[in-house]
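# An overview of the molecular structure
Here is what each chain is made of, one letter per residue.
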Amino acid sequence: MRIGITIPLAGVPLHELPPLVRRIEALGYESVWSAESTELDGFTPLAVAAQHSEGLRLVTGVVNVFTRGPAVLAQTAAALADLSGGRFVLGLGVSSNVIVERWNGIAFERPIARMRSTVDYVRTVLSGERADGGFRLGAPPQHPVPIVVAALRHRMLRLAAEIADGVFTNFLSGAGRVVESFGVPEKEVACRFFSVQGPEEEALATAKRVFVAYATVPVYTEFFRWLGHAEEVEPVVEAWNAGDRAAAVELAPEGLVRDVFLLGPMGKQRERLAAFAEAGIDTAVLALLGPPDALHAAVEAFAPA
């Protein structure tokens, strides 16, 4: 299993990223993946990382296909491919109604069709060809830009298998169903794993809060239902929708949370990753949560080297 890490670390400012990236590379990590949610955009940390690393793969994990037009996505991908000497990978997702509609005022409609058309457009433009509407890159990238599609359930997993170079998923309690639905062993299956640092009970409380924040978003609610956890997540969603946030956290199913998150001693967390590798996950993308000092220690402890 290849090991990547989400940058920047929570609570670590962007201006402190250069030495961290150099250390990540020295420790043998294969890649760094950005995230785009409530903190920084998905491209800027990778631009910083490109200038402070030599071999790391740089992946957006992920930027969504609704909030940027396909021409802008292609332009930005071309820029990062040039800056990194061909190490950039464009990770695309459809995000959620919360981010797309509530935060950005864009209709969250026909996500699968939107993903297909965006990937087709971006591939056309990055190859140097003219896309529908007439746009053509003045300087196409010299190196190919692989595309990874974020997917949770069967239809998007199958689309990723058809049109992308790999798939990126999240919050797995077990890899079997996702790997089976994707169904292309020769393509990359990457998954983000949230690793929570600190005493196990405190870490579990943090994990429950993060779980509820995701599980109550409709796309993730349906994902957990699809995985067979409907009975466990329904009470959480009902409490959340009724406005009782504290009850939703209290109702977070401990067994499922422990299955989804990496908790406890580092040796135990590494064993969990090894089990996912055996189940078909090619790349583990760590998202570290906890105090800054603990996060730096975790970077060292998870080091592939």
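None of the values given here were measured: they were computed from a predicted structure.

## Structural notes on the side chain of Ser34
Residue placement: Ser34 occurs in the loop between strand S2 (31–33) and helix H2 (44–50). Take Ser34: its relative accessible area is 1%, and that puts it in the buried class. A polar atom in the side chain of Ser34 sits 2.6 Å from the backbone oxygen of Gly42. Those residues within four positions of Ser34 in sequence are excluded, and the remaining contacts are Thr6, Ile7, Gly42, Leu46, Val59, Thr60, Gly61, Val62 and Arg192.

## With respect to unusual backbone geometry
A cis geometry characterises the amide bond from Ile7 onward to Pro8, with omega recorded as -15°. Here Pro8 is to be found in the loop between strand S1 (2–6) and helix H1 (17–26). At the junction of Gly61 and Val62, the peptide bond is cis and its omega measures out at 5° in the coordinates. The topology assignment puts Val62 in the loop between strand S3 (57–59) and strand S4 (63–64). The backbone of Ser95 shows a phi angle near 65°, a positive value even though the residue is not glycine. Relative to the elements of secondary structure, Ser95 occurs in the loop between strand S5 (88–93) and helix H4 (97–103).

## Some points on the pattern of salt bridges
With the rule as written, the count across this model stands at 13 salt bridges. The salt bridge partner of Arg57 is Glu30, with a shortest N-O separation of 2.6 Å. Linking Arg57 in strand S3 with Glu30 in the loop between H1 and S2, this pair joins segments that are 27 residues apart in sequence. Three or more residues joined by partner-sharing salt bridges are found here, namely Glu200, Glu201, Glu254, Arg258 and Lys268.

## With respect to the nonpolar core
Ranked by size, the top nonpolar core spans 104 residues in total, and within it Tyr29, Leu90, Met115, Phe211 and Phe261 carry the most contacts. Apart from residues lying up to four places away in sequence, Phe261 is in contact with Phe171, Phe194, Val196, Ala207, Val210, Phe211 and Arg272.

## Thoughts on the packing of aromatic side chains
Summed over all chains, the structure comprises 16 aromatic pairs. Judged by centre distance (4.6 Å) and plane angle (55°), the ring pair of Phe171 and Tyr214 falls under tilted. With Phe171 in the loop between strand S7 (166–170) and helix H7 (176–182) and Tyr214 in helix H8 (residues 200–215), this residue pair connects regions lying 43 residues apart in the sequence. Given a relative accessible area of 26%, Tyr214 falls into the partly exposed group. Ring geometry for Phe211 against Phe224: centres 5.2 Å apart, planes inclined by 50°, an arrangement best described as tilted. Within this pair, whereas Phe211 is found in helix H8, its partner Phe224 is found in helix H9 (residues 218–226), the two being separated by 13 residues in sequence. Note on accessibility: Phe211 and Phe224 belong to one class, buried. Positioned above the aromatic ring of Trp240 is the side chain of Arg245, whose terminal nitrogen or guanidinium carbon lies 3.9 Å from the ring centre.

Procedures and definitions
- Residues numbered from 1 in each chain as written.
- Predicted model: local features only at pLDDT ≥ 70, side-chain atom pairs only at ≥ 80, totals over all residues.
- Heavy atoms only, no water.
- Helix = DSSP H or I, 4+ residues; strand = E, 2+ residues; numbered from the N terminus.
- Buried < 20%, exposed > 50% of the residue type's maximum accessible area, 1.4 Å probe, protein only.
- Polar contact = N/O pair within 3.5 Å; in protein donor to acceptor, adjacent residues only side chain to side chain.
- Contact = heavy atoms within 4.5 Å.
- Salt bridge = Lys/Arg side-chain N within 4 Å of Asp/Glu carboxyl O.
- Core = buried A, V, L, I, M, F, W, Y, C linked by side-chain atoms within 4.5 Å.
- Phe/Tyr/Trp six-rings, centres within 6.5 Å; stacked < 30°, edge-to-face > 60°.
- Lys NZ or Arg CZ within 6 Å of the ring centre and 35° of its normal.

Everything listed here is a matter of coordinates, which is why it stays silent on function.
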